[in-house]
Amino acid sequence: MLVSYNQRRNIKRTAIRILVILFLFVQMYPVLWMLMAAFKSPGDMTSLPAYALPTELYFKNFSTAWTTGRMSIFFRNSLIVTISSLFFIVFFSSTTSFALIKMKWKGQQLIASLFLMGIMVPVTIVLLPLFQIYMKLGLLNTYWSLIITYTGFGLSLSIFLISNYMRSMPDDIIEAAFIDGCNLYSLFFRIIVPLIKNALVTVVIIQFFFRWNDLIFSMTFISRTSMKTIQTGLMYFSDEYGSKNWGAIFAAISMGVTPTLLLYIVLNKFVIEGMTSGAVKG
Amino acid sequence: MKELLGNRKAVMLFVLPALFIYLFSVFIPILWSAAYSLYRGMPGLSFEFNGLNNYVKMWSDTMFIGSFTVTLKYVLIVVAGQVGLGFLLSLMFVFGIKKYTTLVRTLVFFPVVLPVVAVGQLFSKIVEISPQYGLLNSLLATIGLDSLVQPWLGQSSTALGVLCTMDIWTAMGFYAVIFYAALVEIPQDIIEAARIDGASGIKLTSKIILPLLRPITMTCFIFSFTGTLKVFESALALTRGGPGVSTKTLSMYMYDASFLYSQYGYGSAIAVFVLLECFFVSVVLNRFFKSRMM
Amino acid sequence: MRAFKGMKVLGFVILVCCLHVNLFAGGQADENTIQFLSIWAEDKDNSKLLLELTEEYKKENPDFNLEFELVAAENLRQKVKVLVASDSVPDVFVYEAGKPIVELIDGGILLDMEKTFTDLGLMDTLDPGAVSLLKRLADNRGLYDLPLGMNVEGIWYNKKMFADLGLDVPETWSELMDVCEVLHQNGIQPFTAGGKDKWPITRVINMYVMRRMGVDAMERGSKGEISFTDPGFVEAGHVIQDMVRKGYFGEGIVTVDMSSAADALFSGQAAMFYNGSWFTQDLNDTERNLLGPDGVGFFNIPVVEGGVGKLDDYSVNCGNILVLSAKAYDEELTGEWLKYVFSRFGDYAMETTGTFKGFKVSNMPDNVPTYTRIVGEELAKVNNAGLWFEASMDDKTTQVAQNFAQSLFNLEMTPEQYFEEIEKSSKEYREKN
């Protein structure tokens, strides 16, 4: 009885292990493949199947991507607009969510659904109106044009996420804080913000990824090369007749994706930290 | 306490900046476009008032109806896949593989952060048939299933399937992480108590976990619906709407109408339609989940 | 607590950033600046040529400034439409010939180039063949654009494969089919094409149409003089589908993009590839073209027995074209620049990149790459010029023709249905306008 139980457990464990490995492979494959493609010479691209290893490590793709794709300028621009808009998104969506969920005032429902509507907007449709607005305000070719747009479009989803998280928070915490003599602002910054850290981290990761990968806004509002963002760099590798330098494209993508991956790996640690502290608290 | 939480000055301070930015960059442009949708032609070239004709014209436009059908099929499959698999994955993180959770959870998110261009190219290489067999076709050929080797993206019957698979695969990690965040919030004692009562496996999931996750499930469904109804970039990167028009989605048609056919008014009308559609689905979902919660 | 502190730090960092990097950087251009919107990067192709000539011009006119903007070729139409709608088209920009430009001409957006070039005394620099081509593409409204290329299209083939199998360059369609059959028997895929990009395969249909019905068949069809459902068009569809069925295009041709198709030719996976002379830049790329500087040959589309087309009828095109804003044109600023740049453009392009631009070349350099020489020889042989498949179609019909070309090539649509769709869309457009 005992043996068979142990055997069963072993089998189960092995099965799970195999599943995990298989699953990891499926998830890792694109990244491996992308790196492989980034290191392939044009000759390898031509003659080898897509899943084959490159015959030599062809670093020229990276130097081409860096210089031709003007990655150093674009990287800087992308960092500036992404981080700024991320700051505004996180800040505004947490204050708004707090007001929407935990505070009591007239018109709460209306404002909540107004914000919710934002996740349904197809991006292409705001291009022309926004372009015209920014043109009249002289905001074309400025970082602000992107920061404002990114923030506006990031708010809905973030408010949605944070609100959901806050809703499950018990009200007694707030009550206790008031009894201790907290005012509303110190309650928000000292009690609420630390408690919703998990949600904020999720928002940061998701929004970073969305804003970092934007092409259509930056292409429409920014015309000056010195102001362009990282995704526009990919334009430098295809020509009018559809011929593409895939090696350089993947080198550029690999470099462009690094900050997002790093951010995720770092923040992922925080999520776990937040979890354990939550467990202690609970 | 009521007084403190009803502080109007604080509400304004907390909400107004966000509301202002939002109205400015999202809401006003939408109204602007809604106004455009009553015109025909392209501003700057020829643009004249057309009343509600664009909205009427849609329903006799075969291209519109075709892309609408494609979008619906796509949405149904992808929403089910993204939310369903996302949920299963999150269960796996919590219950199945405690040891490797961190690693798996990190990796499952990888596809989410890859740019669509890269994922599209990756998938078209995986299912490639010419000039060389891709991973899938070589695999089929190696294990002797030659009859199954086919141009996956080159025929209407399979192209949409590949597109759906790609988008499910890309986004399921996102939903898994959202579900996971909610799952770990469930107090351990509730699950322990249920376990002691003899609930396990499917019963534990359906009777205890799912009801507790209802709000987040609704969130996921709404995300997934609104995200997929707008599908544009992934279809463009993988198939460019082909072969024929078998993967041409509503958003792609909207883009074509607005910027290629110079029917900006008509394009705006389609956009407003997509928006209303999303709105409708969200309301329905909201109702559904609320009524079930009672 | 820590999150709060983190937020403070982040806020501070951003504040510093804001102060350090002026978020409003940019602002308005001064009056000595002209804007140039292009689809080629600064160091590529026509952008490179124009920018280098502009640098030379700036040496004599230090106040002059050209502001460059790059947009991806596939987003060009969207970008320009947004600019047109907002009444802020750039001074000089790259656009597409055919209906796209006709629409802008009719909207009064574009500068009349015939008048401008005559005033500036530049008319002589243009190649007359290119001028008549551009006028024809603009539906005879006049000359509103400048050529940036002059291309012939035809079949590029692997010379070694042909030689190994003792194959001659085919001159008739049935010879071409024989060649295909021999290649196919020997396990070689005869043709490759960029079916995923759609337009490359309508050109394949056009090969047959042009030879069977003559160089102006598509234009007559678009004007309604003949119907696209006429037997000649449908026959072209059947011929193509036969070739697909026999495996002459390999498997899943509609999934292959232009880059992979070129690579298939270069790596010996396919023997022939229909493409334009812009292909020379890939052919001259020694890292990509594994067949070497003399491994690929060119022949014009073989004639169809009993058809109207002849062997000196060529499919030609000018690629993307250059247009100027009528409103923003300033004779002293833009005109002087035009005068300097375009009096040298043709020669400069030939001298530095060995390409034909639709401008006269007065000095032919001695040692040009083989592939460039081939193109020059073929261009000289052009007697009647045919346009590409969609050149005369409106935007929507173009989409119909291109989307459903895939359905024709994967046999999901019959030739009759295919041309029916084109006729229907084309007719709808004619009736509306």
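**Re the overall build of chain C**
Looking only at helices and strands, chain C features 17 helices and eleven strands. Taking 433 residues into account, the globule formula puts the C-alpha radius of gyration at 22 Å, and chain C, at 24 Å, falls close to it. Along the first, second and third principal axes, the C-alpha atoms of chain C reach 70 × 70 × 55 Å. Counting over 433 residues, chain C shows a buried share of 61%. Excluding contacts between residues fewer than 6 apart, the proportion of contacts in chain C whose partners are at least 24 apart in sequence is 76%. For chain C, the exposed surface amounts to about 16,800 Å²; the carbon and sulfur share of it is 49%. The averaged location of the 68 negative side-chain charges in chain C is 5 Å from the averaged location of its 40 positive side-chain charges.

**A look at the packing of aromatic side chains**
For the coordinates displayed, the defined rule picks out 70 aromatic pairs over all chains. Ring centres 5.0 Å apart and planes at 75 degrees place the aromatic pair Trp33(A) and Phe250(A) in the edge-to-face group. Here Trp33(A), found in helix α1 (residues 2–38), pairs with Phe250(A), found in helix α12 (residues 246–281); they are 217 residues apart in sequence, far enough to count as distant. Classification of Trp33(A) by relative accessible area gives buried; the value is 5%. Positioned above the aromatic ring of Tyr266(B), the side-chain terminus of Lys57(B) is 4.0 Å from the ring centre.

**Concerning a nonpolar patch on the surface**
Taken together, the side chains of Ile143(B), Leu145(B) and Leu148(B) define a hydrophobic patch exposed on the protein surface, amounting to about 270 Å² of accessible area. Here Ile143(B) lies in the loop between α8 (135–142) and α9 (156–183).

**As for the nonpolar core**
Ile205(C), Met272(C) and Tyr418(C) are the most contacted members of the largest nonpolar core, which has 358 residues in total. In terms of residues, this core owes the most to one element, α9(B), which gives 18 residues. Both domains that furnish three or more residues to this core are identified here as domain 1 (33–150 + 318–361) and domain 2 (153–316 + 386–432) of chain C.

**Comments concerning the interface of chain A and chain B**
The parts lose accessible area when they come together, and the size of an interface is often stated as this lost area. Contacts between the two partners involve 81 residues from chain A and, on the opposite side, 85 residues from chain B. Surface buried jointly by chain A and chain B totals about 7,900 Å² across both partners, of which 79% is contributed by carbon and sulfur atoms. Here chain A is connected to chain B by zero salt bridges. Our count for the chain A to chain B interface comes out at nine residue pairs in polar contact (both at pLDDT 80 or more). Considering each element in turn, the side of chain A that touches chain B owes the most residues, 13 residues, to α1(A). Residue composition of the side of chain A that touches chain B, grouped by class: 61 nonpolar, 16 polar and four charged.

**Side note on the domain arrangement of chain C**
Residues and elements named next belong to chain C. One can read the domain layout of chain C as domain 1 (33–150 + 318–361) and domain 2 (153–316 + 386–432). On a C-alpha basis, the centres of domain 1 and domain 2 stand 30 Å from each other. The partner domain 2 presents 15 residues to the twelve residues of domain 1 that form the contact. Counting the surface domain 1 buries against domain 2, the share from its top three residues, Lys99, Arg136 and Leu137, is 51%. At the junction of domain 1 and domain 2, the tally comes to two salt bridges. The partner of Arg136 in a salt bridge is Glu219, and the shortest N-O contact between them spans 2.8 Å. Taken together, the links from domain 1 to domain 2 amount to two residue pairs in polar contact (both at pLDDT 80 or more). Secondary-structure elements contributing two or more residues to the side of domain 1 that touches domain 2 are α4 (99–106) and α6 (128–137).

About the cut-offs
Residues numbered from 1 in each chain as written. Chains lettered and ligands numbered in written order. Predicted model: local features only at pLDDT ≥ 70, side-chain atom pairs only at ≥ 80, totals over all residues. Heavy atoms only, no water. Helix = DSSP H or I, 4+ residues; strand = E, 2+ residues; numbered from the N terminus. Rg over C-alpha atoms; globule rule 2.2 N^0.38 Å. Buried < 20%, exposed > 50% of the residue type's maximum accessible area, 1.4 Å probe, protein only. Contact = heavy atoms within 4.5 Å. Areas by Shrake-Rupley, 256 points an atom, 1.4 Å probe, with all protein chains shown as cover. Lys, Arg positive; Asp, Glu negative; His and termini not counted. Charge placed at Lys NZ, Arg CZ, Asp CG, Glu CD. Phe/Tyr/Trp six-rings, centres within 6.5 Å; stacked < 30°, edge-to-face > 60°. Lys NZ or Arg CZ within 6 Å of the ring centre and 35° of its normal. Patch = residues over 30% accessible without salt bridge, like charges linked within 9 Å, V, L, I, M, F, W, Y side chains within 5 Å. Salt bridge = Lys/Arg side-chain N within 4 Å of Asp/Glu carboxyl O. Core = buried A, V, L, I, M, F, W, Y, C linked by side-chain atoms within 4.5 Å. Domains from an automatic or database assignment. Buried area = accessible area lost by both parts, 1.4 Å probe. Polar contact = N/O pair within 3.5 Å; in protein donor to acceptor, adjacent residues only side chain to side chain. Nonpolar A, V, L, I, M, F, W, Y, C, P; charged D, E, K, R; others polar.

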